[in-house]
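Architecture at a glance
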2 protein chains.
Amino acid sequence: MESKLQFAQALVRQAGSYIRQHMSDDLAIETKSRYDDLVTNLDKDTQNFVVEAIQTAYPDDFLMGEENNLRHPIKDGNVWVIDPIDGTVNFIVQKEDFAIMLAYFEDGVGQFGLIYDVMQDKLYSGGPDLPLMMNDQTLEAFDNRPLTRSLIGSNGSMYAHNVSGISNLINQTLGVRVYGGAGISMAHVLSGRLLAYFSHLYPWDYAAAQIIGSQLGYELLTLDGEQVDYQSRQMVMFIPSAYKQTIQDYMERGK
Amino acid sequence: MESKLQFAQALVRQAGSYIRQHMSDDLAIETKSRYDDLVTNLDKDTQNFVVEAIQTAYPDDFLMGEENNLRHPIKDGNVWVIDPIDGTVNFIVQKEDFAIMLAYFEDGVGQFGLIYDVMQDKLYSGGPDLPLMMNDQTLEAFDNRPLTRSLIGSNGSMYAHNVSGISNLINQTLGVRVYGGAGISMAHVLSGRLLAYFSHLYPWDYAAAQIIGSQLGYELLTLDGEQVDYQSRQMVMFIPSAYKQTIQDYMERGK
């Protein structure tokens, strides 16, 4: 597994380098489900680059990815889950705060995950039996700071509409932060900048963070506290396990 | 004026270096008006450092600053406006996304402003008759992108409560971003990452951005479109002048 992780680390760094080289080119921007759901040629090119490298190195493995309708079921065999540019709106408008994410599963069991903050050149990676790292620094487990000295990341609309009572939780803390990308936001949870993160996500948005986080005391759950399904888009939370009851209590009271 | 700007640029860089050296020390954190209005010993030490340097170099000048109740009126003589650590919550929790801000006025007329993103080492500075720079790059004027390809920065609570109809404006764009510091957010407006920014600010939070922005086609106004008062805390917006009517129309319709 160590060598597959090293392959994946080198691959996302190459993909990031490809994006940095081409991000000042004229981008072809298309809308997907609605006007604010955007994709560029570089999202697709980057996914193709990653997919081809995996297929060449591991021809018997399967793929699930954001673009091009790659939808192999997570529980069947060796499955790579790819989000070539997470935070496409930030990528287009800001040229900052977007991530490449890659996760690897064997028969539904997460082996490792990677979140690469492309512009800050920060690569978060790790898995159950593998080192947990941000570049060459070891990631530390959750530090148990109090809610009143914490910040919460959220999807802006879910916060504004107090979905499942999350605003009541946020009101117990120092406030909300909205960064506009799941990968960047969950990396901020892993690094301790945020206590938790709430959003509406697809499997490729949460797979890597779930695997890395599980070794640091974090859980990726639906807002009801259930396991995610790795199939549909779901409202989810990425939280420290030690705070699960407290978080659920404040949410319940805020509904 | 050029030499006074150079003095100020060197001073905020020195102050930033002082903060970076001491930010891993144990911080003494106190609450001010309420539990989420925080100040540390480093806010006060940094302001003292800046104030002493100004008083030594320019003993006849006056001071307005966030800490220690420095409140010289903006229209009287040569006045320096200081925010030693803007985004104190980010500073305490994240050790990222906070800024030192400094602005200089003569008889109420802004001469230059500086916003220093301490951890990213990005210094925005300029004034009416002075170069507009981010470090050694020239700041470019606003690029007229459409609302539907733009992001808006906001105070989280003002967005959630649709204060003055701002959520209706935000709904015409690609969405909201909440970074938790006025200096950082307004620097993101100046660099084009955000189209506009809405928050509830004191004079030391907006002075520098107003001066720098005015040369790039931005205005710092109350939510009613009036001039700010440089005295009280006010709900304000930092917007491209070219969009003033459009922004006000969407806000009016969203009330």
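Here's what I pulled together on the structure shown here. (Residues numbered from 1 in each chain as written. Chains lettered and ligands numbered in written order. Predicted model: local features only at pLDDT ≥ 70, side-chain atom pairs only at ≥ 80, totals over all residues. Heavy atoms only, no water.)

**Overview of the overall build of chain A**
Of regular secondary structure, chain A possesses 8 helices and 14 strands. In terms of C-alpha radius of gyration, chain A reaches 17 Å, essentially the compact-globule figure of 18 Å for 255 residues. Across its three principal directions, the C-alpha atoms of chain A cover 50 × 40 × 30 Å. Sorting the 255 residues of chain A into buried and exposed places 56% on the buried side. Considering only residue pairs separated by 6 or more positions, chain A has 57% of its internal contacts joining residues 24 or more positions apart. If you sum the accessible surface of chain A, you get close to 10000 Å²; carbon and sulfur atoms cover 43% of it. (Helix = DSSP H or I, 4+ residues; strand = E, 2+ residues; numbered from the N terminus. Rg over C-alpha atoms; globule rule 2.2 N^0.38 Å. Buried < 20%, exposed > 50% of the residue type's maximum accessible area, 1.4 Å probe, protein only. Contact = heavy atoms within 4.5 Å. Areas by Shrake-Rupley, 256 points an atom, 1.4 Å probe, with all protein chains shown as cover.)

**Details of the pattern of salt bridges**
All names here are of chain A. The full count for this structure, using the stated rule, is 17 salt bridges over all chains. Between E67 and K32 there is a salt bridge whose closest N-O contact spans 3.4 Å. Placement of E67 in the loop between β3 (62-65) and β4 (78-86) and of K32 in the loop between β1 (29-31) and β2 (38-40) is noted, with a sequence separation of 35 residues between them. For E67, a relative accessible area of 4% translates into the label buried. Among the salt bridges present, the one from K255 reaches E252, with a minimum N-O distance of 3.3 Å. Judged by its relative accessible area of 61%, K255 is exposed. Among the charged side chains, a network of salt bridges with common partners joins K32, E66 and E67. (Salt bridge = Lys/Arg side-chain N within 4 Å of Asp/Glu carboxyl O.)

**Points about the interface of chain A and chain B**
Across the contact, 31 residues belong to chain A and 31 residues belong to chain B. The interface formed by chain A and chain B includes 2 salt bridges. When the shortest N-O distance is used, the salt bridge between A:R193 and B:D97 registers 3.2 Å. Connecting chain A to chain B are 16 residue pairs in polar contact (both at pLDDT 80 or more). Listed by contribution, the elements that provide at least two residues to the side of chain A that touches chain B are α3 (88-93), α4 (156-160) and β11 (176-177) of chain A. Looking at which element gives the most residues to the side of chain A that touches chain B, the answer is α4(A), with 4 residues. A per-class count over the side of chain A that touches chain B returns 13 nonpolar, 11 polar and 7 charged. (Polar contact = N/O pair within 3.5 Å; in protein donor to acceptor, adjacent residues only side chain to side chain. Nonpolar A, V, L, I, M, F, W, Y, C, P; charged D, E, K, R; others polar.)

**Let's talk about the relation of the copies chain A and chain B**
With an RMSD of 0.0 Å, the fit of chain A onto chain B corresponds to turning through 180° and sliding 0.0 Å along the axis. These values place the two chain copies in the arrangement generated by a two-fold rotation axis. (Least-squares fit on C-alpha atoms with pLDDT ≥ 70 in both.)

**Describing the sheet that holds strand β10 (residues 152-154) of chain A**
Residues and elements named next belong to chain A. One open sheet accounts for 5 strands, arranged β11-β10-β12-β14-β13; its pairing is mixed. The sheet terminates laterally at β11 and β13 (218-222), the two strands that pair on one side only. Sheet topology note: the β10/β11 ladder contains 2 bridges and is parallel. If you follow I152 over to β11, its bridge partner there is V176. Running over the sheet, helix α6 (residues 182-190) touches β12 (196-201), β13 and β14 (234-240) and is turned about 160° from β12. (Pairing = 2+ DSSP bridges. Axes fitted to C-alpha atoms, helices over the stretch in contact; angles between N-to-C directions.)

**Considerations on the pairing of strand β4 (residues 78-86) of chain B**
Two faces, one strand: in a regular strand the side chains alternate between the faces of the sheet. All names here are of chain B. Counting buried positions along β4 gives 8 out of 9 residues, so the element sits mostly inside the fold. Where strand β3 (residues 62-65) and β4 come together, 4 bridges link them in parallel fashion. Paired with F62 across the two strands is V79, which belongs to β4. Bridge count between β4 and strand β5 (residues 99-106): 7 bridges; the pairing is antiparallel.

**Focus: the packing of aromatic side chains**
Residue and element names in this part refer to chain B. Inspection of the entire model under this criterion finds 29 aromatic pairs over all chains. For the ring pair F142 and Y218, a centre distance of 5.9 Å and an interplane angle of 75° mean the geometry is edge-to-face. Pair noted here: F142 is in the loop between β9 (137-138) and β10 (152-154) and Y218 is in strand β13 (residues 218-222), with a separation of 76 residues, a long-range link. Assessed through its relative accessible area of 17%, F142 is described here as buried. Sitting over the ring of Y250, R253 keeps its end group 4.9 Å from the ring centre. (Phe/Tyr/Trp six-rings, centres within 6.5 Å; stacked < 30°, edge-to-face > 60°. Lys NZ or Arg CZ within 6 Å of the ring centre and 35° of its normal.)

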